[in-house]
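One letter stands for each residue in the lines below.
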There are 2 protein chains.
Amino acid sequence: MENFEHRWCVIMCGGIGSRFWPYSTEEKPKQFIDFLGTGRSLLQMTFDRVKEVVPVGNIVIVSGERYRNLIKEQLPEVTVDNILLEPMRRNTAPCIAWASNYIYAKDPKALILVTPSDHVVMNQREFEKVVNRGFEFARENDSLLTIGIHPNRPETGYGYIHIGEKVGNEIYQVSKFTEKPDLETAKSFLASGDYLWNAGIFIWSAESIIGALEEFLPEEQEAFHNYYNHIGWQTEPLSEIFGRCRSISIDYAVMEKADNVYVEKADMGWSDLGTWSALHSLKEKDAEGNSSINARILSREAGNNIVMTDCGKTVAISGLENYIVADSADALLICPMADEQQIKSFVEHLGK
Amino acid sequence: MENFEHRWCVIMCGGIGSRFWPYSTEEKPKQFIDFLGTGRSLLQMTFDRVKEVVPVGNIVIVSGERYRNLIKEQLPEVTVDNILLEPMRRNTAPCIAWASNYIYAKDPKALILVTPSDHVVMNQREFEKVVNRGFEFARENDSLLTIGIHPNRPETGYGYIHIGEKVGNEIYQVSKFTEKPDLETAKSFLASGDYLWNAGIFIWSAESIIGALEEFLPEEQEAFHNYYNHIGWQTEPLSEIFGRCRSISIDYAVMEKADNVYVEKADMGWSDLGTWSALHSLKEKDAEGNSSINARILSREAGNNIVMTDCGKTVAISGLENYIVADSADALLICPMADEQQIKSFVEHLGK
């Protein structure tokens, strides 16, 4: 692979996965869990996926202080300096700004793949093609490239990208970003064929992203730059830098404003596992359509449920259809799949 | 209390409580569990209830070998020789035959209260009245007295007793025992006012029950008699005696056949906690009608459920009405209350 030694990856690993409570908790969020029952957590699967296209020594994890031990345990291959632990949660823009400056200080010629830690990609070969193509484009163009997923349903929970002029193999200009549309709009997007899901996966050179940060997040960029370049007589502590950072997504802060934004089409069996339904649709099911993770299901007149435990216990269900049953040592959730947005409200009540 | 030193109690503690799986398991059945969340198991509550009317040293526990440690742990006041551990399960008649002969060998003047270990009685004062009256009757009459509960609903899961001629204060001859009636019959029983529930609680003198056993279960009676009286040149091991015993209830073997059978009316807040519904009806409920044992319920559009865990976990339920949710370390059950007879079929599938 060309420029292999300059390829880097930032795995964003700071989410708290509250939608999957109680299976996912702030203490051990979704990305650290073996969600598909494969023996590897989502973070580990992300790492496995990425290390086929990026040198292991160039994989950077950005997460929170409290996940230090989980990361060390799950990814012993990652060196301590490549684990960036944020002093506070500030959404993706500050996360990417920090990691980009860290990488740029080490390798000004770096090409960077940025990816969430809690998505799945079923088609590894296609993923590698997409990334190789993207790195090549980023090396040749001062560009901010986002990966656009072929939509397969009128999902209202995702952002969409309207594609513009074709500029290369599977690569297009971005005509417009649209945040979560209503169902009618989502259906028309799907029908038109000109819209892709915004997967939150990016490829760019360190130089391009830092150039964009200088333009659109100048204060944050300056602080992280100084942090690695010791300008002046002392270095500002990270906690102060983060304390001043706005909590803002990279999409909103940069991608929707820059004019060198491109999208690469991808059809690689991607899922953000954002909902129980999404997870259920990915899992193998028994004759009644029940899927299980870490559970042995006994069912009577119970179908199309997703059942998850943290200890492999037997779950006997009767008279349940389309439910989520998620059990952990501390809590048990039983909720219709259609009401899964209620889960967050349960989590909010937990502390009270 | 008269004849206090001759009062004895047999607590039958050998059931396996499969209807309450997974909260109750063969390893730790219902009677050993703090079912009402009072801090005392059903067995302990039975012991507490009985020791107000019987000397502690005269309380005999009959159970299975595997429950030795649970009994010692839960009832440290009971001496080792008063714990009779059956080598195999043989229903109530052999259990009572063994215990009666054990007690008779120690105290031929004994008056015996026989009670299950997994029922609740809410009105202790009334219970004491009932027992005192029963002991008095048993002392004065060669009689087999069963406690009959005022029915409050047309329950089809219980046996009924048709009362005959009144022979004393709240005590009647038994005209007829009727096993589990259909709903129509149960309704007519309730309306007539002449039927009581058969609670499986008995009071008799050791002499009377042994006389009845000699008549109706002569082989079993002889074997247990010999066990305590060393007739012949050696004692037969208990396992052989039990091996030959028929598995038969005391109702079927003796009560339905003897002619000195009486019933004492009781209205003492009794429940056999035989079903989740029975338990649910006894428990305090939240505003939505949910009852919980060892659980913190968060509910949304979920009412009239009974939720039980073995570790006090939070249970978040949504879109559930009239369900049983029973969680243990090894298994989780979610089942409509109306289908609780299915629970046994789940338990049967467990080993497979």
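Residues numbered from 1 in each chain as written. Chains lettered and ligands numbered in written order. Predicted model: local features only at pLDDT ≥ 70, side-chain atom pairs only at ≥ 80, totals over all residues. Heavy atoms only, no water.

Colleague: Can you tell me about the overall build of chain A, naming the residues and giving the values?
Modeller: Within chain A, the secondary structure is distributed over eleven helices and 17 strands. Scaling as 2.2 N^0.38, a compact globule of 352 residues should have a C-alpha radius of gyration of about 20 Å, and chain A matches this with 21 Å. Buried residues in chain A amount to 56% of all 352 residues. For chain A, the exposed surface amounts to about 14,900 Å²; the carbon and sulfur share of it is 46%. Side-chain charges in chain A split into 34 positive and 51 negative, and the spacing between the mean points of these groups amounts to 3 Å. (Helix = DSSP H or I, 4+ residues; strand = E, 2+ residues; numbered from the N terminus. Rg over C-alpha atoms; globule rule 2.2 N^0.38 Å. Buried < 20%, exposed > 50% of the residue type's maximum accessible area, 1.4 Å probe, protein only. Areas by Shrake-Rupley, 256 points an atom, 1.4 Å probe, with all protein chains shown as cover. Lys, Arg positive; Asp, Glu negative; His and termini not counted. Charge placed at Lys NZ, Arg CZ, Asp CG, Glu CD.)

Colleague: Mind laying out the sheet that holds strand β14 (residues 306–309) of chain B, listing which residues take part and the relevant values?
Modeller: Reading across the sheet, the six strands line up as β13(A)-β15(A)-β17(B)-β16(B)-β14(B)-β12(B) and stay open at both edges, with mixed pairing between neighbours. Strands with a single pairing partner mark the edges of an open sheet, and in this sheet they are β13 (296–300) of chain A together with β12 (291–293) of chain B. Here the strands of the sheet are splayed against their neighbours by 10 degrees on average, with no regard to which way each runs. Relative to the sheet, helix α11 (residues 343–350) of chain B contacts β13 and β15 (314–318) of chain A together with β16 (323–327) and β17 (331–336) of chain B, its axis offset from that of β13(A) by approximately 145 degrees. (Pairing = 2+ DSSP bridges. Axes fitted to C-alpha atoms, helices over the stretch in contact; angles between N-to-C directions. Contact = heavy atoms within 4.5 Å.)

Colleague: Before we move on, can you summarise the relation of the copies chain B and chain A with the specific residues and values?
Modeller: Mapping chain B onto chain A is achieved by rotating through 179 degrees and translating by 0.1 Å along the same axis, at an RMSD of 0.1 Å. One copy is carried onto the other by what is essentially a two-fold rotation axis. In terms of proximity to the rotation axis, the leading residue of chain B is Ala329(B), whose C-alpha is 4.1 Å off the axis. The overlap is high: 100% of the interface residues of chain B also sit at the interface in chain A, so the same surface is used on both sides. (Least-squares fit on C-alpha atoms with pLDDT ≥ 70 in both.)

Colleague: Tell me about the pattern of salt bridges, and please be specific about residues and values.
Modeller: Opposite charge on two side chains permits them to pair, given that their charged atoms come into close proximity. All names here are of chain A. Scanning the entire structure with this criterion turns up 26 salt bridges over all chains. Close ionic contact of glutamate 264 with arginine 133 constitutes a salt bridge, the shortest N to O distance being 3.2 Å. Of the two residues, glutamate 264 sits in strand β10 (residues 261–266) while arginine 133 sits in helix α4 (residues 124–140), which places them 131 residues apart along the sequence. Close ionic contact of glutamate 220 with arginine 246 constitutes a salt bridge, the shortest N to O distance being 3.4 Å. Taken together, the residues glutamate 220 in helix α7 (residues 218–229) and arginine 246 in the loop between α8 (238–244) and α9 (250–255) connect sequence positions 26 residues apart. (Salt bridge = Lys/Arg side-chain N within 4 Å of Asp/Glu carboxyl O.)

Colleague: I'd like a description of the interface of chain B and chain A, backed by residues and values.
Modeller: Between chain B and chain A, the contact holds 33 residues from the first and 33 residues from the second. The contact between chain B and chain A buries some 2,500 Å² in all, and 55% of this surface belongs to carbon and sulfur atoms. One can count two salt bridges joining chain B with chain A. In this structure, the connection of chain B to chain A is made through 20 residue pairs in polar contact (both at pLDDT 80 or more). The element contributing the most residues to the side of chain B that touches chain A is β17(B), with six residues. The residue makeup of the side of chain B that touches chain A, split by class, is 18 nonpolar, eight polar and seven charged. Bridging between β15(A) and β17(B) involves four bridges; their strand directions are parallel. Paired with Ile317(A) across the strands is Ile334(B), a residue of β17(B). (Buried area = accessible area lost by both parts, 1.4 Å probe. Polar contact = N/O pair within 3.5 Å; in protein donor to acceptor, adjacent residues only side chain to side chain. Nonpolar A, V, L, I, M, F, W, Y, C, P; charged D, E, K, R; others polar.)

Colleague: How would you explain the pairing of strand β16 (residues 323–327) of chain A if you had to name every residue and give the values?
Modeller: Residue and element names in this part refer to chain A. Here β16 lies mainly inside the structure; five of its five residues are buried. Burial along β16 is two-sided: Tyr323, Val325 and Asp327 facing one way and Ile324 and Ala326 facing the other are all buried. Relative to strand β17 (residues 331–336), β16 is paired through five bridges, and the arrangement is antiparallel. Considered in β17, the bridge of alanine 326 is made with leucine 333.

Colleague: Got a sec to walk through the environment of Thr156(B)? Specific residues and values, please.
Modeller: Along the chain, the position of Thr156(B) falls in the loop between β6 (144–149) and β7 (160–168). Apart from the residues within four sequence positions on either side, Thr156(B) is in contact with Lys180(B), Pro181(B), Asp182(B), Leu183(B) and Ala186(B).

Colleague: Can you tell me about the environment of Glu219(A), naming the residues and giving the values?
Modeller: All names here are of chain A. Considering the arrangement of structural elements, one finds glutamate 219 in helix α7. By relative accessible area, which is 59% here, glutamate 219 ends up exposed. For the pair formed by glutamate 219 and arginine 246, sequence separation is 27 residues and the distance between their alpha carbons is 9.9 Å.

Colleague: Tell me about the sheet that holds β17(A), and name the residues and values.
Modeller: As summarised here, the arrangement of the six strands in space is β12(A)-β14(A)-β16(A)-β17(A)-β15(B)-β13(B), forming an open sheet in which the pairing is mixed. The sheet is open, and its two borders are formed by β12 (291–293) of chain A together with β13 (296–300) of chain B, each paired with just one other strand. The average undirected angle you get between the axes of adjacent strands in this sheet is 10 degrees. Examined bridge by bridge, β12(A) and strand β14 (residues 306–308) of chain A share three bridges and lie parallel to one another. Its bridge partner lying in β14(A), Ser292(A) is registered against Val307(A). Relative to the sheet, helix α11 (residues 343–350) of chain A contacts β16 and β17 of chain A together with β13 and β15 (314–318) of chain B, its axis offset from that of β13(B) by approximately 145 degrees.

Colleague: An account of the packing of aromatic side chains is needed here, citing residue identities and associated values.
Modeller: Residues and elements named next belong to chain A. Enumeration according to the criterion identifies 26 aromatic pairs over all chains in this entry. Consider the rings of phenylalanine 137 and tyrosine 262, whose centres lie 5.2 Å apart with planes at 70 degrees: the pair is edge-to-face. Of this pair, phenylalanine 137 sits in helix α4 while tyrosine 262 is found in strand β10, placing the two residues 125 residues apart along the sequence. Residue classification places phenylalanine 137 among the buried positions, given a relative accessible area of 9%. Here tyrosine 262 falls in the buried class, since its relative accessible area comes to 15%. (Phe/Tyr/Trp six-rings, centres within 6.5 Å; stacked < 30°, edge-to-face > 60°.)

Colleague: How would you sum up helix α4 (residues 124–140) of chain B? Please name residues and give values.
Modeller: All names here are of chain B. Here α4 is 17 residues long and its end C-alpha atoms lie 24 Å apart, about the 24 Å a rise of 1.5 Å per residue gives. Of all the positions in α4, only Phe127, Val130, Val131, Gly134, Phe135, Phe137 and Ala138 are classed as buried. The buried residues of α4 occupy one face: seen down the axis, they fall within an arc of 165 degrees. More than 90 degrees from the buried face of α4, the exposed residues found are Arg125 and Glu140. (Expected span 1.5 Å × (residues − 1). Arc of directions from axis to C-beta.)

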